[in-house]
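# Reading the structure
Okay, here's what each chain looks like letter by letter:
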Amino acid sequence: MNTTMERTRETMAHAVADLRSILTSGTLGEASREDVLGFAISVGDMLRQAEAAAIELTGVIEKRSATAERFDVSSDCRSANEVLQRTTGAAPTTVKRWSRLAATIKPARVLSSGEEKPAEFPALREALTTGAIGADGLEAATRPLREIKDRVNATDLAEVDEVLAAMTTTTGAPVMCDTLRDASLRLATDLNITGAEDEEEKAFRGRALRLGVKRNGLVPITGQLVPDVAGALSVLLDSINNPHGQPAGVKFRPSDESDENADVRSMAQRNHDALGTILAAVPNAPDMPTNGGGAPVLVIHATEDTVRAGEGWATIPGADATGTDVPVPFAAAKHVGCGGTIQHLTTAPNGRIVKLTIDKRVFSTDQRRAISHRDRSCVVPGCHTPARWCEIHHVKEWSRGGETDVDNGVLICWHHHRFIDRMGWDIRMNDGVPEVRPPDWIDPTQSWQPTGPRAAGRPKRGA
């Protein structure tokens, strides 16, 4: 064995043993702040260097597996990817990533014609091999450049390579991946001024939005948005999640006090609920097509007993990629139907339609305008979702005799409307004004809290 390789392996074995000793001893959790930070820096150095070795190793094994040597077959493996999986324990997708990055930084080589083909990113390759960047850093720096390399001058690309590599060595600390990605994207955009139209055309070909098949009560959604659509959605999500620049959460105390009842939803959950709010508001937008602009029509397919009891399962047609009736809890069906039209479809065991009733419970445009003027926003205290994003909730359920009238309707956001029963909130009308009673864990006194009027405070006399 090569003496240098043998010594290196022994050194690496000692380093792994030392690291294992620290992790198994439990001393890391009791270490001082300085020791923890120092340990993190050392781990980062080892990680970047190990990733550089993995990328280089992948390139070597792939190259030797493509020759008469057949490194993969002689190692009793079907492919170079399997060799790496078995020797490193990495997932196939991780090895594929190493392979892609290895191809990005191939060293200069001589073609069959005798012409030398230069390396694409020699400076970034050196930054990788010296441990200045790892796999993430190399990916961040080269991805924007790989997309334009065939459309720009090679000399300009080499200059950008040098600039990005220099960023990785100008400070003692490793450069953050976001910094590299932003710089690479900016430089790539400057180089590829004439490529905007090509990117626009490619983006429009790739735009997509797909609904998956319901699993575990959820319908997956995948796709790719063109930047202006993504930006418009982002603005709406931000507006709904934080409509007045105030932290979300129910409050029954002055805002300068600590709030133990803050909104505990994750940002992903809040974005989901905000999208539900947007979709619920669309039918109320002006100039919507008549067939798509009406309130939702929910077909509840269940037995009469289920509909009467308000428990069990309903179905929503076409709610996932199957295009069939998708089972949903009756609570979800009741929420969707609260603002629109419900069709109760009752069938016999043999499938014969026994009964079809249509319940119309839609608040008119004039009623919605009046309720919005009174409530201004979601009536749950601490929720600042404005009227334009709110749904209208029947305080006394329509199915229990509640009328579709301004004295029985209140503004409520999608999130609180969907889960109001589960959250333990109560709403009532007192002389035409909504009052809210929170769950006992928020207010042990179980006091009714008035929600209006919400007019701006008048200036004090003499002010």
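Described below are features of the structure shown in this document.

Calculation notes
- Residues numbered from 1 in each chain as written.
- Predicted model: local features only at pLDDT ≥ 70, side-chain atom pairs only at ≥ 80, totals over all residues.
- Heavy atoms only, no water.
- Pairing = 2+ DSSP bridges.
- Helix = DSSP H or I, 4+ residues; strand = E, 2+ residues; numbered from the N terminus.
- Axes fitted to C-alpha atoms, helices over the stretch in contact; angles between N-to-C directions.
- Parallel < 35°, antiparallel > 145°, perpendicular 65-115°, else oblique.
- Contact = heavy atoms within 4.5 Å.
- Patch = residues over 30% accessible without salt bridge, like charges linked within 9 Å, V, L, I, M, F, W, Y side chains within 5 Å.
- Areas by Shrake-Rupley, 256 points an atom, 1.4 Å probe, with all protein chains shown as cover.
- Salt bridge = Lys/Arg side-chain N within 4 Å of Asp/Glu carboxyl O.
- Lys, Arg positive; Asp, Glu negative; His and termini not counted.
- Charge placed at Lys NZ, Arg CZ, Asp CG, Glu CD.
- Buried < 20%, exposed > 50% of the residue type's maximum accessible area, 1.4 Å probe, protein only.
- Expected span 1.5 Å × (residues − 1).
- Polar contact = N/O pair within 3.5 Å; in protein donor to acceptor, adjacent residues only side chain to side chain.
- Core = buried A, V, L, I, M, F, W, Y, C linked by side-chain atoms within 4.5 Å.

The next point concerns the sheet that holds strand E14 (residues 449-450). If you trace the three strands from one edge of the open sheet to the other, you get E12-E13-E14, paired in antiparallel fashion. Each edge of the open sheet carries a strand with a single partner, namely strand E12 (426-430) and E14. In this sheet, E14 lies alongside strand E13 (residues 433-437) in antiparallel orientation, the contact comprising two bridges. Within E14, the position partnered with glutamate 435 by the bridge is proline 450.

To continue, consider the packing of helix H6 (residues 122-129) against helix H8 (residues 154-167). Contact pair H6 / H8: the axes reach a minimum separation of 7 Å and the direction vectors enclose 25°. The angle between the axes of H6 and H8 places the two elements in the roughly parallel class. Residue-level contacts link Pro122, Ala123 and Leu124 of H6 to Asp161, Glu162, Leu164 and Ala165 of H8.

Once that is clear, we can look at a negative patch on the surface. On the surface, a cluster of negative charge is made up of Glu126, Asp156, Glu159 and Glu162. A total of three residues in the negative patch trace back to one element, the largest contributor, which is H8. For aspartate 156, a relative accessible area of 31% corresponds to the partly exposed category.

Attention now goes to the pairing of strand E11 (residues 409-412). Regular strands have side chains that alternate between both faces of the sheet. Of the two faces of E11, the one holding Gly409 and Leu411 and the one holding Val410 and Ile412 are both buried throughout. Summarising the sheet, strand E10 (residues 391-394) and E11 pair through four bridges and their orientation is antiparallel. From the neighbouring strand, isoleucine 392 faces E11, where its bridge partner is leucine 411.

With that settled, consider the pairing of E12. Relative to E13, E12 runs antiparallel, the two sharing five bridges. Across the sheet, residue arginine 428 finds its bridge partner in E13, namely glutamate 435. The antiparallel hairpin formed by E12 and E13 contains two residues in its connecting segment, where aspartate 431 sits at a positive phi of about 55°.

Note on pairing: side chains with opposite charge can pair once their charged atoms come close. Overall, the coordinates contain 17 salt bridges when judged by the stated rule. Where aspartate 45 meets arginine 48, a salt bridge forms, and the shortest distance between an N and an O atom there is 2.5 Å. Taken together, the residues span about one helical turn, with aspartate 45 and arginine 48 both in helix H2 (residues 33-65) at a distance of three residues. Residue classification places aspartate 45 among the partly exposed positions, given a relative accessible area of 40%. For arginine 428, the salt bridge is made with glutamate 435, and the minimal N-O distance between the two is 2.8 Å. Ionic contacts of the salt-bridge type, sharing partners, join the residues Arg97, Arg100, Asp136, Glu139, Arg143 and Arg146 into one network.

With that settled, the discussion passes to the environment of leucine 128. Structurally, leucine 128 is set in helix H6. When its relative accessible area of 1% is taken as the criterion, leucine 128 is described as buried. Sequence separation of leucine 128 and alanine 52 is 76 residues, and the distance between their C-alpha atoms is 5.7 Å. Apart from the residues lying within four places of it in its own chain, the contact partners of leucine 128 are Gln49, Ala52, Ile55, Ile105, Ile133, Gly134, Ala135 and Leu138.

So, about H2. A turn of α-helix holds 3.6 residues, and therefore any two residues three or four places apart point the same way. For H2, spanning 33 residues, the distance from its first C-alpha to its last is 47 Å, which sits close to the expected 48 Å at 1.5 Å a residue. Buried within H2 are the following residues: Phe39, Gly44, Arg48, Glu51, Ala52, Ala54, Ile55, Thr58, Ile61 and Ser65. In this structure, the buried side of H2 is in contact with helix H1 (3-25), helix H3 (71-74), helix H4 (80-88), helix H5 (92-104), H6 and helix H7 (135-146).

Take the side chain of histidine 394 next. Relative to the elements of secondary structure, histidine 394 occurs in strand E10. Take histidine 394: its relative accessible area is 1%, and that puts it in the buried class. Side chain to side chain, histidine 394 and threonine 404 meet in a polar contact 3.1 Å long.

What follows covers the side chain of serine 184. Relative to the assigned elements, serine 184 resides in helix H9 (residues 177-191). Using a relative accessible area of 0% as the deciding quantity, one classes serine 184 as buried. Setting aside chain neighbours within four positions, we find serine 184 in contact with Ala140, Ala141, Pro144, Leu145 and Leu164.

This next bit is on the nonpolar core. Ranked by internal contacts, the top residues of the largest apolar core, which has 36 residues, are Ile55, Leu124, Ile133, Leu138 and Leu164. Elements with a minimum of two residues in this core: H2, H4, H5, H6, H7, H8 and H9. Examining the composition of this core, we find that five residues originate from one element, H7, more than from any other. Setting aside residues up to four positions removed in sequence, leucine 124 forms contacts with Ile133, Leu138, Ala141, Thr142, Asp161, Leu164 and Ala165.

What follows covers unusual backbone geometry. Note: most peptide bonds trans; most residues except glycine with negative phi. Of note, arginine 70 is a non-glycine position whose phi angle comes to about 45°, a positive value. Here arginine 70 shows up in the loop between H2 and H3. For arginine 70, a relative accessible area of 36% translates into the label partly exposed. With a phi angle near 70°, arginine 376 is a residue other than glycine that sits in the positive phi range. With respect to the helices, strands and loops of the structure, arginine 376 is situated in the loop between helix H16 (365-375) and E10. Classification of arginine 376 as partly exposed rests on a relative accessible area of 40%.

What is shown is where atoms sit, not what they do.
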